[in-house]
Amino acid sequence: MIKDRIVELIEAALRGAAEAGDLPLSDAPHVELETPRNKAFGDYSTNIAMVLAGQVKMSPREVAAKLIERLPADGGLIEKAEVAGAGFINFFLKPDWLGDVLRRIESEGEKYGHAPLHTGESVLVEFVSANPNGPITVGSARGGAIGDVLSNLLEAVGYDVCREYYVNDAVNSLQMQHFGKSLEARYLQALGQDAPFPEDGYKGEYVTQIAKQIVERDGDKYLSLSKTERVRVFTDLGEREMLAVQNADLKAFGVVFDNWYSERSLHESSKVRNAIDTLKARGYAYEDKGALWLKSTAFGDDKDRALIRRNGQPTYIASDTAYHADKFDRGFQRLINVWGPQHHGYIARTKAAVAALGYDPDKLDVIIYQTVRLFSGGELVMMSKRAGELIPLGELVEEVGKDASRFFLLMRTADSSLDFDLELATQQSSENPVFYVQYAHARICSIIRSAADEGLAVPSAEATDLSALGHESEIALVKKMAEYPEEIRIAAESHQPHRLTAYARDLAALFHAFYRDCRVLGEEPAVTNARLVLVEASRTVLRNVLTMLGVNAPERM
RNA sequence: GCGCUUGUAGCUCAGUGGAUAGAGCGAAAGGUUGCGGACCUUUAGGUCGGGGGUUCGAAUCCCUUCAAGCGCGCCA
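Residues numbered from 1 in each chain as written. Chains lettered and ligands numbered in written order. Predicted model: local features only at pLDDT ≥ 70, side-chain atom pairs only at ≥ 80, totals over all residues. Heavy atoms only, no water.

Trainee: Describe the nonpolar core, naming the residues involved and giving the relevant values.
Mentor: Within the largest apolar cluster, 121 residues are counted, with the highest numbers of intra-cluster contacts made by Ile 6, Leu 67, Leu 102, Phe 420 and Met 481. Considering every element that reaches this core, the biggest residue donor is helix H18 (residues 525-549), with twelve residues. Here this core gathers at least three residues from each of two domains, domain 1 (2-94) and domain 3 (430-548). In this structure, Met 481 is in contact with Leu 102, Ile 105, Tyr 112, Tyr 503, Leu 507, Leu 534, Ala 537, Ser 538 and Val 541, ignoring residues within four places of it in sequence. (Core = buried A, V, L, I, M, F, W, Y, C linked by side-chain atoms within 4.5 Å. Buried < 20%, exposed > 50% of the residue type's maximum accessible area, 1.4 Å probe, protein only. Helix = DSSP H or I, 4+ residues; strand = E, 2+ residues; numbered from the N terminus. Domains from an automatic or database assignment. Contact = heavy atoms within 4.5 Å.)

See below:
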């Protein structure tokens, strides 16, 4: 890669200067190379002289000048290197480097952007994990998009990734019991009985729908059961139905999990008991007021947390602790949890629990995403006409499609709240970012189709003279494509999948600018051929980034 | 009260400790007959919430303060 080659040149210059006594350096400093915003500052730039100035007691410009003197022969890569500003060294590349980029994109194809930086490392990404007592909401869907695309990114940099959904199906969960009671009441009502609806019940229309389905399928056969039995049965039936709906909605959203991990199984396999025994043995669990407590304050938490209630039932923290232990025990080296905005207070206690069990809490990263609000035509959409509550993911995908749903939910950093404009998401115009990006891809395909109609195939980059490329718009486009692998690396390592949507928009904009300025077909053969190579490379990179986002790259629109 | 997140152009937001803080929309003026319409030029618009500090250099890191959202159960 070009950037790596320049870094090597600078490192060689540093060694040379140190050996010759020009610069009194003890060990090799880390060289940062960046792409300056302003093209007057060259193609690449380094601040190394300013970093070293204090250490070697010279002015930054002086250090820069000495380093430039020591730059080794570069094999025709660098046009010139010059000192600028406070002591930057700016590198201007010979136009030939454009060809290097295009040849690399061609040879790597759909793997362009991938890099084996973390091969052999495994990571478990847990996300969505909504309670199985209702459909996935748009809020949780944001976690779905973040978790899924982050997983794609981690795979691209070499990780072995497991996408996991934690199913909160514990039998003693109050949420699930409320759900079961609500369903049971709707069932009785559907059979014409005057059953009271529980006070803390789930009023959503979907509960009534499920009850009706059960009546249609099983009739009144549950009437003979005792009330307690019936609630138990309906909790199970409802849970099964909700998991199926969640699974289907997520699938339509392009999210498929490798594993659905049952909380109940943690209790049944006595992993919860084992975790508690370990905590006791390690001295981080104690009894007080008839309950058992996790001494999480020993690891920086605000207060200690209950593990087992006075009535003998374990709390969710108990199962969650066992769950995280099990993740490590399954051999994952890193854990990532993608959690909704209400859960930020749980980071400290979860890490504390992990540490108390003897695992490294730094191996666990938690991404908290903020709330999603839906707007339509500038108006806040609070209610769904159909369900009488928060809009389910299934409805969103139905309304704006998988592509727009995913792209829009990834347009902001997870840290800030997100306003989703439903009207914009369905708009067929350049103001709609998804449309704008997909349109660029369709346009590329159209050019290649037109070329084929004229009997022109896209020539291979390797066999084509690319020296005809050199227009400002061509250079800007190639530069952006050259940045893609690093963009992937940064997005993956900083856990910021939203960066990809910005990159996709930038790339599309640069392609549209190229299209405006440079005609592909009907030019001199040398020009047309070189530009066809460039267009094909643009298609590859655009398709790669859209694939990473889980968004379709259409050939026609 | 404590904790987390946010605060950047009229609006919505980008911005890996670097050079003159950017984009889209909106506003003003003009341009635009070719591969697929979703384009171009110019102008206006900023104390990066305020105040300290670290650094050669801060929107970015630290402290403090103000404002907004959220969270502080033997619920999950």
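After that view, the rundown keeps rolling.
Trainee: Describe the protein's contact with RNA strand B, listing the residues and the values that go with them.
Mentor: The local shell around RNA strand B holds 57 residues, among which Arg 309, His 344, Tyr 346, Ser 430 and Arg 443 are the closest. Counting only atoms of RNA strand B within 4 Å of the protein, the fraction found in sugar and phosphate groups is 54%. Interatomic distance of 2.5 Å between a backbone N/O atom of Asp 415 and a sugar or linking oxygen of RNA strand B. Tyr 515 has a polar backbone atom sitting 2.7 Å from a base nitrogen of RNA strand B. For the surface near RNA strand B, the secondary structure elements donating two or more residues are strand E4 (88-93), helix H6 (174-190), strand E9 (291-294), helix H15 (433-453) and helix H17 (499-517). Sorting elements by how many residues they give to the surface near RNA strand B places H15 first, with eight residues. Classifying every residue of the surface near RNA strand B gives 20 nonpolar, 21 polar and 16 charged. (Near = heavy atom within 4 Å. Polar contact = N/O pair within 3.5 Å; in protein donor to acceptor, adjacent residues only side chain to side chain. Nonpolar A, V, L, I, M, F, W, Y, C, P; charged D, E, K, R; others polar.)

Trainee: Describe the sheet that holds strand E14 (residues 379-381), listing the residues and the values that go with them.
Mentor: Read from one edge of the open sheet, three strands run E14-E13-E15, paired in mixed fashion. At either margin of the open sheet sits one strand with a lone partner, and together these are E14 and strand E15 (418-421). Averaged over all pairs of adjacent strands, the angle between their axes in this sheet comes to 40 degrees, without regard to strand direction. Its contacts with the sheet place helix H13 (residues 393-409) against strand E13 (372-376) and E15, and it is angled at close to 135 degrees to E15. (Pairing = 2+ DSSP bridges. Axes fitted to C-alpha atoms, helices over the stretch in contact; angles between N-to-C directions.)

Trainee: Provide a residue-level description of the confidence of the model for chain A, including the pertinent values.
Mentor: Confidence in the prediction of chain A, expressed as mean pLDDT, is 91, and 98% of residues score 70 or more. Scored below 50 in pLDDT, residues 384-388 makes ten contacts in the model with residues more than four places away or belonging to other chains. As a predicted assembly, this complex carries a pTM of 0.93 together with an ipTM value of 0.91. (pLDDT = per-residue confidence, 0-100.)

Trainee: How would you explain the pattern of salt bridges if you had to name every residue and give the values?
Mentor: Side-chain pairs of opposite charge can arise where the charged atoms are in close proximity. By the definition in use, this model includes 30 salt bridges. Asp 326 is the salt-bridge partner of Lys 271, the closest N and O atoms lying 3.2 Å from each other. Here Lys 271, found in helix H10 (residues 271-282), pairs with Asp 326, found in helix H11 (residues 316-329); they are 55 residues apart in sequence, far enough to count as distant. One network of salt bridges, in which partners are shared, links Lys 3, Glu 486, Arg 489 and Glu 493. (Salt bridge = Lys/Arg side-chain N within 4 Å of Asp/Glu carboxyl O.)

Trainee: Explain the pairing of E9 residue by residue, including any values.
Mentor: Each regular strand shows side chains that alternate between the opposite faces of the sheet. When strand E8 (residues 285-288) meets E9, the two strands line up antiparallel, connected through four bridges. Following the sheet pairing, Asp 288 is matched in E9 by Ala 291. Between E8 and E9, which pair antiparallel in sequence order, lie two residues; one of them, Lys 289, sits at a positive phi of approximately 50 degrees. Alignment of E9 against strand E10 (residues 305-308), held across three bridges, turns out to be antiparallel.

Trainee: I'd love a proper account of the side chain of Ser 182, names of residues and values included.
Mentor: Inspection of the secondary structure assignment puts Ser 182 in helix H6. Judged by relative accessible area, Ser 182 falls into the buried class, the value being 0%. For Ser 182, the residues in contact, after removing those within four places along its chain, are Phe 197, Pro 198, Gly 201, Tyr 202 and Val 207.

Trainee: Any details on empty space enclosed by the protein? Residues and values, ideally.
Mentor: A complete count under the given rule lists two cavities of 30 Å³ or more for this structure. Of the pockets and cavities examined, the largest cavity occupies roughly 60 Å³. Contributing to the lining of the largest cavity are Tyr 316, Ile 317, Asp 320, Thr 321, His 324, Arg 349, Thr 350, Ala 353 and Val 354. Of all the secondary-structure elements, those providing two or more residues to the lining of the largest cavity are H11 and helix H12 (347-356). Of the residues that constitute the lining of the largest cavity, the class distribution is four nonpolar, three polar and two charged. For the second largest cavity, the calculated volume is near 30 Å³. Lining the second largest cavity are Thr 35, Asp 43, Tyr 44, Trp 97, Lys 479 and Glu 483. (1 Å grid on protein atoms, 1.4 Å probe; cavity = no way out; pocket = protein on both sides within 12 Å on 5 of 7 lines; lining within 4 Å. Points joined across faces, edges and corners; volume = space filled by probe spheres on them.)

Trainee: Which residues make up the sheet that holds strand E1 (residues 33-34), and what values go with them?
Mentor: What the four strands build is an open sheet, ordered E1-E2-E4-E3; its pairing is antiparallel. Edge positions in the sheet fall to E1 and strand E3 (78-84), since each of these pairs with one other strand and no more. Taken together, the two bridges between E1 and strand E2 (residues 44-46) define a ladder with antiparallel strand orientation. When the bridges of E2 are listed, Glu 34 appears paired with Ser 45. Contacts from helix H3 (residues 60-70) reach E3 and E4, with the element oriented near 160 degrees to E3.

Trainee: Pulling in residues and values, what's your account of the packing of aromatic side chains?
Mentor: Evaluated as defined, the whole model comprises 18 aromatic pairs. Both rings, one in Tyr 187 and one in Phe 234, keep their centres 4.6 Å apart while their planes meet at 50 degrees; by these two values the pair is tilted. Within this pair, whereas Tyr 187 is found in helix H6, its partner Phe 234 is found in helix H8 (residues 227-252), the two being separated by 47 residues in sequence. Of the two residues, Tyr 187 and Phe 234, both sit in the buried class. Seen from their ring centres, Phe 435 and Tyr 439 are 6.1 Å apart, and the 15 degrees between their planes marks the pair as stacked. Of the two residues, Phe 435 and Tyr 439 both sit in helix H15, four residues apart, roughly one turn of that helix. (Phe/Tyr/Trp six-rings, centres within 6.5 Å; stacked < 30°, edge-to-face > 60°.)

Trainee: Before we move on, can you summarise the environment of Ala 440 with the specific residues and values?
Mentor: With respect to the secondary-structure elements, Ala 440 resides in helix H15. By relative accessible area, which is 0% here, Ala 440 ends up buried. Ignoring sequence-local partners within four residues, the contact set of Ala 440 consists of Ala 508, Phe 511, His 512 and Leu 542.

Trainee: Outline unusual backbone geometry, supporting the account with residue identities and numerical values.
Mentor: The phi angle of most residues is negative, glycine excepted, and most peptide bonds adopt the trans form. Of note, the phi angle at Lys 57 is positive, near 55 degrees, even though the residue is not glycine. As for its position among the elements, Lys 57 is in the loop between helix H2 (48-56) and H3. By relative accessible area, which is 75% here, Lys 57 ends up exposed. Phi is positive for Ser 270, which is not a glycine, with a value near 60 degrees. With respect to the element layout, Ser 270 can be found in the loop between helix H9 (263-268) and H10. Classification of Ser 270 as partly exposed rests on a relative accessible area of 28%.

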